[in-house]
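Residue strings, one per chain:
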Amino acid sequence: MNGLKMDTYVLELKNISKYFPGVKALEEVGFNLKKGEIHALVGENGAGKSTLIKIITGVLQPDEGEIFFHGEKIVFSDPTVAQKNLIAAIYQNPTCFPHLSVTENIFMGHPIVEPRTRRLLWNEMNAEAMRLLKTLGSELNPGSKMGDLSVAQQQMVEIAKALSLDARILIMDEPTAALTSRETEELYEITRTLRKKGTSVVFISHRFEDIYQIADRVTVLRDGKSVGTWNVSEISEGELIKAMVGREISQLFPKSEVPIGDEVLRVEGLSRVGYFADISFSLHEGEILGFSGLVGSGRSEVAQAIFGIHPYDGGKIFVRGKEVPIDSPWKAMEMGIGYLPEDRQLQGLVLPLTITDNITLSTLDRYARKGWLKSRAGHDISQKLFSLLKIKASSIFDKTYSLSGGNQQKVVVGKLLAGELRILIMDEPTKGVDVGAKSAIHKIMSDLAANGFALIMISSEMPEILGMSDSIVVMREGRITRTFSREEANQEKLLTAAVEVGR
Amino acid sequence: MESTKTSIIPGGLSLREVFLRWEWLLVGLIVGVSIVNGRLSPHFWDYAGLMDAMAVFLEKGFIVLPVAMILISGEIDISVSSIVALSSVLMALSFQAGLPMVLAICVAVAVGTACGAFNGFLITRIPGLSSVIVTLAANSLFRGIAYIVLGDRAVGGFPRWYSYLSWGYLGSSSIPFIILAFGIVAVFFGLVLHKTTFGRKVYAIGNNQVAARFSGIPVSRIKLILFTLAGVMSGLAAVFLTSKLGSSRPNVALGYELEVIAIAVLGGVSPAGGKGGIPGAILALILMRLLRYGLGLINVPGQVMLVVIGIILVLVVMLPNLIGSVRISRKRFG
Amino acid sequence: YADEYVIALVVKNVGNPFFDAVARGGQDACDDLGHTLIFQGPPTPTVEGQIEIIENLIAQRVDAICVSANDYDALVPVMQRAMDAGILAISFDSGIHPDGRLLHINQADFELIGRLQVQAIAEMIDFEGEIAVLSAGATMTNQNIWIEWMQEELKEPEYENMELVTIVYGDDLRDKSYNEAMGLFKSYPDLRGIISPTTVGIGATGKAITDAGLIGQVQLTGLGLPSEMAEWIQNGACQAMFLWNPVDLGYLTTYVAGLLLDGEISGAVGEEFAAGRMGEKVVTEAEDGGIEVLLGPPFRFDASNIDEWKDVY
Amino acid sequence: MNDSNHVSSVDFLKNLRGFRELGLVVFIVSISLLIGARNPRFLTWGNLHDMLLDTSILSILAIGMMLVLVTGGIDLSAESGIALTGMIVGLTLIRYPQIPAVLTLFMGMALGAGFGAITGAIVAGGRVIPIIATLGMMYVYRGLTFIVSGGRWVNAYEMPDDFKAMATGRLLGFSNLILIAIVVYIVFTYFINHTETGRQIFAVGSNREAARIIGIRTNRIIWLVYTLSGALYGLAGVMWIARYASAQSDSASGYVFTIVAACVLGGVAITGGVGSISGILLGSITIGIINNALPMIRVSPFWRTALTGAIILIAVIVNIAITRNIERKALLQRKI
Ligand SMILES: Nc1ncnc2c1ncn2[C@@H]1O[C@H](COP(=O)(O)OP(=O)(O)OP(=O)(O)O)[C@@H](O)[C@H]1O
Ligand SMILES: Nc1ncnc2c1ncn2[C@@H]1O[C@H](COP(=O)(O)OP(=O)(O)OP(=O)(O)O)[C@@H](O)[C@H]1O
Ligand SMILES: [Mg+2]
Ligand SMILES: [Mg+2]
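Since we're looking at a predicted model, the values are computed, not measured.

## Some points on the environment of R247 of chain A
All names here are of chain A.
1) Next: Along the polypeptide, R247 turns up in the loop between α8 (237-245) and β11 (263-272).
2) Next: For the pair R247 and F397, spaced 150 residues apart in sequence, the C-alpha to C-alpha distance is 29 Å.
3) Next: Residues within four places of R247 in sequence aside, it is in contact with I241 and K242.

Here it is as structure tokens:
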């Protein structure tokens with residue numbers, strides 16, 4: 001295909017096993033990568049994908065197995081070895097420096113320096129950072145502080161960082177999970193260009209369109225074992241799902257038609273200086289209201305203002321027809337409003353605590369008598385949600401930091417559901433979640449709506465928005481540009497509204 | 001070398017496991033230190049003397065408890081020693097002004113409460129104001145106020161019964177009253193931190209304040225309570241300290257702030273928040289006291305004692321890491 | 001002598017040359033009497049530290065505790081406990097309330113020292129101009145009594161042209177004392193003299209006067225260590241200053257403790273006794289109502305004798 | 001991005017926003033004017049120079065402390081490190097008075113770096129929580145100061161004249177000590193902002209795990225900051241004994257709080273990752289003014305302590321208020 005003998009791989013993993021206390025994350029997994037190919041790695045949540053790439057980059061050491069780099073055995077004893085061999089990676093959870101600027105985040109570890117004095121060349125780095133971000137279609141200011149950015153924006157910076165390394169092997173762990181279609185397209189473009197230059201790419205994703213758009217080959221992992229490797233052209237979506245899950249999943253977006261009931265939430269002219277302005281919409285019982293827009297369009301900001309995280313400085317919020325001043329999350333929750341945050345690691349979970357402690361965190365008082373915790377407080381409900389969401393862990397007493405990304409996301413969803421709140425704002429609820437669990441979450445959302453709950457769903461995934469929402473609000477640069485009903489909406493209209501309308 | 005516990009997630013070892021193990025280590029050290037002390041000095045195993053020795057710096061213990069909680073919540077309080085001073089001074093003054101001693105004691109606790117609430121108020125109401133700088137400044141402010149109101153005078157002459165608090169024994173036993181008082185307070189703190197929703201929330205805040213807030217935990221209110229609690233306990237410590245000294249001056253309790261934090265951290269409380277507990281802090285308090293008592297009994301000069309305590313402090317905390325790395329390498333090669 | 005006793009000297013803080021000299025004297029006395037000396041002190045001058053040390057000494061059942069107190073009142077309860085345990089309680093240098101001691105060894109008459117310093121500064125500035133006091137901590141017993149006597153002395157008619165403008169505190173910290181001295185020069189441009197009745201304070205002030213180029217313009221006296229003040233006496237920043245001999249102070253304190261333990265003396269007012277190399281001493285009534293033994297008048301150090309003393313203490 | 005004027009004004013505000021200590025500048029200027037109104041001598045060149053002189057030692061210590069704080073640690077041992085290096089250098093000078101004064105500075109730095117390296121090894125290698133490790137070493141170094149000196153002080157008359165002259169001498173109208181501080185500041189500004197290692201310190205403090213993943217040797221960096229802190233307190237220790245012409249075993253007791261206050265006032269976060277040279281310089285100057293000015297305006301000494309605390313509180317609050325105002329202005333400029 002590209003003049004390379006089929007049997008020499010750029011990278012080859014043989015019989016890799018990795019054990020965590022109580023978990024076999026990987027068992028005798030084999031994986032290989034050709035020069036200039038895009039190799040997708042798929043599998044359910046907790047299948048071991050992230051673990052595998054951490055082994056490639058030397059962040060983790062395998063307990064068994066060997067790695068060959070250009071045919072020669074190599075030990076990635078720490079991340080520097082991989083870096084020296086021009087292997088770059090974007091990890092699933094942003095590994096950024098929140099206090100430092102975007103430029104610094106991109107170039108930390110491999111700065112542009114004056115050759116003789118090794119003085120840092122800031123102007124060059126800033127310009128290069130700006131250029132890299134532009135190729136990704138992002139207008140981010142390289143001087144911004146990383147911690148001030150949204151997860152999606154951080155993800156863009158991570159991608160830019162990997163690109164700046166000029167790697168020969170580029171590994172991306174769910175780079176598109178938080179991106180909207182426009183940014184995703186840019187990423188595809190870049191990836192294809194890299195392939196032309198001979199770079200090999202490992203691409204992890206739960207989105208099938210990613211795989212069918214760019215990947216050459218796909219390897220499926222299931223429960224820590226490799227199921228097989230196929231040329232993408234030779235395997236259908238249904239077969240792929242079956243390889244991953246072991247069964248077929250028919251309906252991805254099972255939104256059932258429910259009658260729309262009374263208005264439960266109305267927002268009028270909400271605004272916050274510098275973030276969003278003039279936001280008005282209303283939400284009814286049984287309704288799922290989708291929020292669409294590009295990365296950074298301000299959807300999360302609006303949601304967080306309604307939830308009382310950030311103060312708003314104009315406008316009104318009505319809950320069931322009554323104006324309510326909301327200035328803190330616990331007040332919002334008293335009004336029956338719940339929020340599923342977009343940043344699961346920072347905002348959603350207390351990582352060192354167990355699954356059950358996390359699920360019951362926002363409803364603690366319910367499992368206590370006059371403040372004194374009952375023993376086994378909340379274990380029942382945690383157990384129920386644990387099974388319902390099919391969280392892959394040995395028990396509800398696992399610490400959440402040890403879970404895979406998708407399973408962490410499920411815990412966050414579980415925590416929201418445990419709250420028994422009537423108005424749910426879900427910010428990217430299925431981010432990083434595998435097909436099976438995704439359809440389960442969609443089913444739950446649909447059932448909730450059918451039971452008279454009101455839902456707001458912020459999502460960057462176009463099919464999800466189109467499939468799940470009763471009506472769709474599109475935002476652009478902090479303002480609502482258009483509102484569509486389920487019937488009139490389609491991908492094209494949403495996209496134009498996200499970029500064009502409102503000028 | 002760290003292969004087993006590494007993840008992209010900056011997590012840690014399991015909370016409960018770590019601090020349980022840590023407490024056992026402290027218990028072991030306490031036993032060890034006692035044995036060595038007993039060898040070195042014939043006076044060590046004198047029961048009454050040991051009790052008295054324990055009582056000597058228990059007023060610090062009263063402050064260790066809330067400070068441990070503040071550290072667990074991810075904040076810090078370096079103003080406690082000054083709150084003690086101010087509470088003590090105002091208590092003495094109000095007694096001098098004719099208030100009955102019982103009411104004067106209430107004044108001390110009230111002053112402490114007010115000071116703690118002042119700290120908590122500033123820290124929670126003005127975003128961007130960190131607890132380090134607030135309590136650092138408050139440290140000067142409170143002690144300064146004590147100087148303003150009392151100047152270079154000392155006030156004493158308290159009723160006889162008042163000295164019982166620090167010097168008295170329970171009935172005819174040789175158990176100092178202050179040990180009982182501390183025991184009650186310590187149990188209360190232990191229960192609050194480990195058995196209530198409040199305590200659970202404190203841990204959540206210390207581990208991830210953002211997530212705690214997103215979970216509907218009233219972070220500011222809890223912090224306000226914690227700092228106020230530190231004030232209350234400092235006021236109480238002032239009552240006992242003043243009883244011990246028999247008089248009050250603005251310069252009492254100098255330098256307590258670091259010692260109190262050191263004891264809490266030695267007890268397994270992480271200054272970064274989220275880790276540790278009351279039992280560990282209490283064990284550390286006992287360990288520190290035994291160490292100093294033992295060294296004092298064999299008349300180690302103050303300057304050498306500093307060196308010894310410093311080295312032991314470092315070694316104790318290093319110990320589990322050393323054991324840990326031995327275990328890991330054994331697992332690897334064995 | 002039949003019995004060997006353990007005598008503990010507890011000082012304000014260790015690492016202070018003054019108290020090291022005291023300890024030397026104490027050791028001499030113990031050697032003379034055949035007793036054992038324990039020398040202890042907290043690293044920083046706090047009462048809490050002293051209480052802990054005294055508790056430890058009680059637990060060890062020492063025979064006598066001689067303390068230079070960081071607080072006049074706050075050591076009373078713990079010293080009472082020591083007395084209850086049958087331990088001889090003595091204070092020296094910086095005393096404690098009579099309730100908490102049997103006897104005080106007074107290095108010098110408070111009144112005398114207070115007045116002497118005013119007289120010295122007055123001579124240096126020709127009985128005319130502004131003077132200030134730079135003291136240690138605001139709660140230091142000795143300094144405060146001395147300052148009271150200074151103010152008393154200043155009421156005499158010959159000082160009518162002199163004014164004590166302020167009292168500042170350097171907390172016996174070198175940097176703070178230095179800053180306070182510098183601050184005095186700036187806030188009182190007409191200042192003529194400074195009395196600093198504390199060793200760190202007078203040393204820092206000597207340096208400050210030198211640095212500010214005010215030698216001759218601002219005079220300095222007070223209580224200082226000859227070793228520390230040698231430089232500033234030689235360069236003229238301080239014409240004269242006073243101190244008693246700390247070695248003698250330690251000797252007398254320990255010697256008296258030894259005599260009391262041996263039963264050689266009873267400690268009754270008016271009792272006269274021979275205190276080893278210190279010669280004849282007498283038990284007198286102290287100003288605060290207790291009893292004391294007086295060491296003797298302070299020694300005056302100036303350019304003529306500083307060289308002999310600077311290497312001694 | 002079609003309106004370049006608009007963009008540049010946004011940029012300007014962003015730059016201002018980056019300069020988080022603007023509030024401190026405002027505070028420093030206004031309090032100086034206030035004090036100057038009470039005592040005109042405060043604003044004379046001579047006094048301002050003295051104030052800078054006071055600040056020189058503190059500001060050097062603040063750099064070392066900042067580097068440590070940036071990594072999320074703290075160096076409580078700095079205060080006894082000052083005393084120990086000062087004492088050792090002082091004792092050496094008694095023995096070998098012919099040592100040139102400049103050399104003593106380097107000697108102090110080397111000694112301090114040695115002590116700092118030990119502390120750093122305990123924190124980085126022994127993985128001991130910084131607050132405990134440095135508290136332990138604070139006791140150890142203090143105890144050693146007593147022990148090496150045998151309780152004696154090194155007095156002015158025992159120090160060589162050229163050594164004492166180093167602290168009092170001037171060059172180009174500036175005290176030598178100020179010049180030393182300026183040199184240190186230039187070196188460290190370059191180090192922190194323009195070298196890879198300098199930036200890696202911030203990376204480690206901002207996210208240690210991420211730093212490790214991109215191949216920064218985090219332990220080495222952590223060891224380094226304590227060593228640098230040591231070198232700087234060693235330097236400061238020598239400057240200290242030269243300035244006060246005395247080496248005492250209890251020098252600088254409790255001074256660590258002043259150093260930390262200067263840092264935190266200057267915007268350094270004790271949780272790590274944040275800190276700037278300009279910030280700590282301003283923080284040190286603010287503390288310097290408080291120490292220098294309070295003795296100059298005739299307030300009762302009993303009021304000083306409380307005033308110090310109150311002024312620090314007001315300074316941070318003013319700083320926060322002003323920063324927030326700027327941020328708000330920047331937000332208003334945003335196009336929505
Ligand atoms: N630090 C850890 N400690 C214990 N178990 C871990 C740790 N990290 C990962 N695991 C476990 O290893 C398994 C594989 O996790 P991994 O993160 O590789 O999954 P993944 O395929 O990337 O899933 P996802 O699609 O959800 O990201 C999971 O069961 C997870 O719980
Ligand atoms: N006009 C603007 N200029 C610069 N930054 C902006 C602007 N508008 C918003 N931001 C920043 O962009 C970030 C993204 O906002 P928000 O998270 O609400 O967007 P979103 O639509 O949810 O997008 P995402 O998919 O990234 O979460 C916010 O942190 C905000 O500070
Ligand atoms: Mg993963
Ligand atoms: Mg968002």
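Moving on from the coordinates now.
## Considerations on the pairing of strand β2 (residues 36-40) of chain C
All names here are of chain C.
1) Next: In this sheet, β2 lies alongside strand β1 (residues 6-10) in parallel orientation, the contact comprising 5 bridges. Looking at β2, one finds that V10 is bridged to Q40.
2) Next: Traced from β1 through helix α1 (residues 17-33) to β2, the parallel crossover comes out right-handed.

## Comments concerning the confidence of the model for chain A
1) Next: For chain A, mean pLDDT is 88; residues scoring 70 or higher make up 97% of the total.
2) Next: Confidence drops under a pLDDT of 50 for residues 1-6 of chain A, and excluding neighbours within four residues, the segment shows 4 contacts in the predicted structure.

## Brief notes about the sheet that holds β11 of chain A
Residues and elements named next belong to chain A.
1) Next: The strand order across the open sheet built from 4 strands is β12-β11-β14-β15, with neighbouring strands paired in antiparallel fashion. Sheet topology places β12 (276-284) and β15 (322-323) at the edges, where each strand pairs with a single neighbour.
2) Next: Bridge count for β11 against strand β14 (residues 314-319) is 5 bridges, and the pairing is antiparallel. The residue of β14 that forms the bridge with S271 is G314.

## Details of the coordination of the magnesium ion (ligand 3)
1) Next: In this structure, S50 of chain A (OG) and Q92 of chain A (OE1) serve as the protein donors to the magnesium ion (ligand 3), at separations of 1.9 to 2.1 Å. With S50 of chain A in helix α1 (residues 49-57) and Q92 of chain A in the loop between β6 (87-90) and α3 (102-107), the pair connects residues that are 42 residues apart, well separated along the chain.

## Looking at the pattern of salt bridges
A side chain with one charge can pair with a side chain of the opposite charge if their charged atoms come near.
Residue and element names in this part refer to chain A.
1) Next: The final tally for this structure, using the stated rule, is 52 salt bridges over all chains.
2) Next: With a shortest N-O distance of 2.8 Å, E37 and R217 are connected by a salt bridge. In this pair, E37 sits in the loop between β2 (23-33) and β3 (38-43) while R217 sits in strand β9 (residues 217-222), placing the two residues 180 residues apart along the sequence. Of the two residues examined, E37 and R217, each falls in the buried class.

## Here's the deal with the coordination of the magnesium ion (ligand 4)
Residue and element names in this part refer to chain A.
1) Next: Here the magnesium ion (ligand 4) is held by the protein donor atoms S300 (OG) and E342 (OE), which lie 1.9 to 2.3 Å from it. Of the two residues, S300 is situated in helix α9 (residues 299-306) and E342 in the loop between β16 (337-340) and α11 (344-348); the sequence distance between them amounts to 42 residues. Across the pair, E342 and S300 agree in class, each one buried.

## Describing the domain arrangement of chain A
Residue and element names in this part refer to chain A.
1) Next: The domain architecture assigned to chain A consists of domain 1 (11-245), domain 2 (258-336 + 421-503) and domain 3 (346-418).
2) Next: In this structure, domain 1 and domain 2 have C-alpha centres spaced 31 Å apart.
3) Next: Each side of the interface is counted separately: domain 1 has 22 residues, and domain 2 has 17 residues.
4) Next: For the pair domain 1 and domain 2, the two sides together bury roughly 1,500 Å², of which 61% comes from carbon and sulfur.
5) Next: For the pair domain 1 and domain 2, the interface holds 1 salt bridge.
6) Next: Between E461 and R207 there is a salt bridge, with the nearest N and O atoms lying 3.9 Å from each other.
7) Next: At the level of elements, α5 (151-164), α6 (181-196), α7 (208-214) and α8 are the ones that each hand at least two residues to the side of domain 1 that touches domain 2.
8) Next: Along the lines of polarity and charge, the residues of the side of domain 1 that touches domain 2 split into 9 nonpolar, 7 polar and 6 charged.

## Focus: the interface of chain C and chain B
1) Next: Contacts between the two partners involve 26 residues from chain C and, on the opposite side, 32 residues from chain B.
2) Next: When chain C packs against chain B, the two sides together hide about 2,500 Å² of surface, and 51% of this comes from carbon and sulfur.
3) Next: When the buried surface of chain C facing chain B is broken down by residue, E48, E52 and T139 of chain C rank first, second and third, together holding 23% of it.
4) Next: In this structure, the connection of chain C to chain B is made through 6 salt bridges.
5) Next: Its salt-bridge partner being D71 of chain C, residue R249 of chain B comes within 2.7 Å of it at the nearest N-O pair.
6) Next: Summed over the shared surface of chain C and chain B, the number is 12 residue pairs in polar contact (both at pLDDT 80 or more).
7) Next: Put simply, the parts of the chain that give the side of chain C that touches chain B at least two residues each are β2, α2 (47-60) and α3 (76-84) of chain C.
8) Next: Per-element accounting of the side of chain C that touches chain B gives the leading share, 8 residues, to α2 of chain C.
9) Next: A class-by-class count of the residues in the side of chain C that touches chain B yields 12 nonpolar, 7 polar and 7 charged.

## Focus on the sheet that holds strand β3 (residues 64-67) of chain C
All names here are of chain C.
1) Next: Across the sheet, which stays open at both edges, the 8 strands sit in the order β2-β1-β3-β4-β5-β13-β12-β11 with mixed pairing between neighbours. The sheet terminates laterally at β2 and β11 (272-274), the two strands that pair on one side only. The sheet shows a mean angle of 25° between the axes of neighbouring strands, taken without regard to direction.
2) Next: Two elements, strand β12 (residues 280-285) and strand β13 (residues 291-294), share 3 bridges in a ladder whose sense is antiparallel. In the strand pairing of β13, T284 is matched with E292.

## Points about the site of ligand 1
1) Next: Taken together, 22 residues form the shell around ligand 1, and within it K49, S50, T51, S404 and G406 of chain A come nearest.
2) Next: Ligand 1 sits at a junction of chains, with neighbouring residues supplied by chains A and B.
3) Next: Side-chain polar atom of K49 of chain A to an oxygen atom of ligand 1: 2.7 Å apart, as the coordinates give it.
4) Next: Relative to its free-state accessible area of 640 Å², ligand 1 is covered by the protein chains to the extent of 93%.
5) Next: If you list the elements that add at least two residues to the shell around ligand 1, you get β2, α1 and α14 (405-418) of chain A.
6) Next: In terms of residue class, the shell around ligand 1 is made up of 5 nonpolar, 13 polar and 4 charged.

Definitions and limits used
Residues numbered from 1 in each chain as written. Chains lettered and ligands numbered in written order. Predicted model: local features only at pLDDT ≥ 70, side-chain atom pairs only at ≥ 80, totals over all residues. Heavy atoms only, no water. Helix = DSSP H or I, 4+ residues; strand = E, 2+ residues; numbered from the N terminus. Contact = heavy atoms within 4.5 Å. Pairing = 2+ DSSP bridges. Right-handed = clockwise from strand over helix to strand, strands pointing away. pLDDT = per-residue confidence, 0-100. Donors = N, O, S within 2.8 Å, 3.2 Å for Na, K, Ca; no water. Salt bridge = Lys/Arg side-chain N within 4 Å of Asp/Glu carboxyl O. Buried < 20%, exposed > 50% of the residue type's maximum accessible area, 1.4 Å probe, protein only. Domains from an automatic or database assignment. Buried area = accessible area lost by both parts, 1.4 Å probe. Nonpolar A, V, L, I, M, F, W, Y, C, P; charged D, E, K, R; others polar. Polar contact = N/O pair within 3.5 Å; in protein donor to acceptor, adjacent residues only side chain to side chain. Axes fitted to C-alpha atoms, helices over the stretch in contact; angles between N-to-C directions. Near = heavy atom within 4 Å. Areas by Shrake-Rupley, 256 points an atom, 1.4 Å probe, with all protein chains shown as cover.

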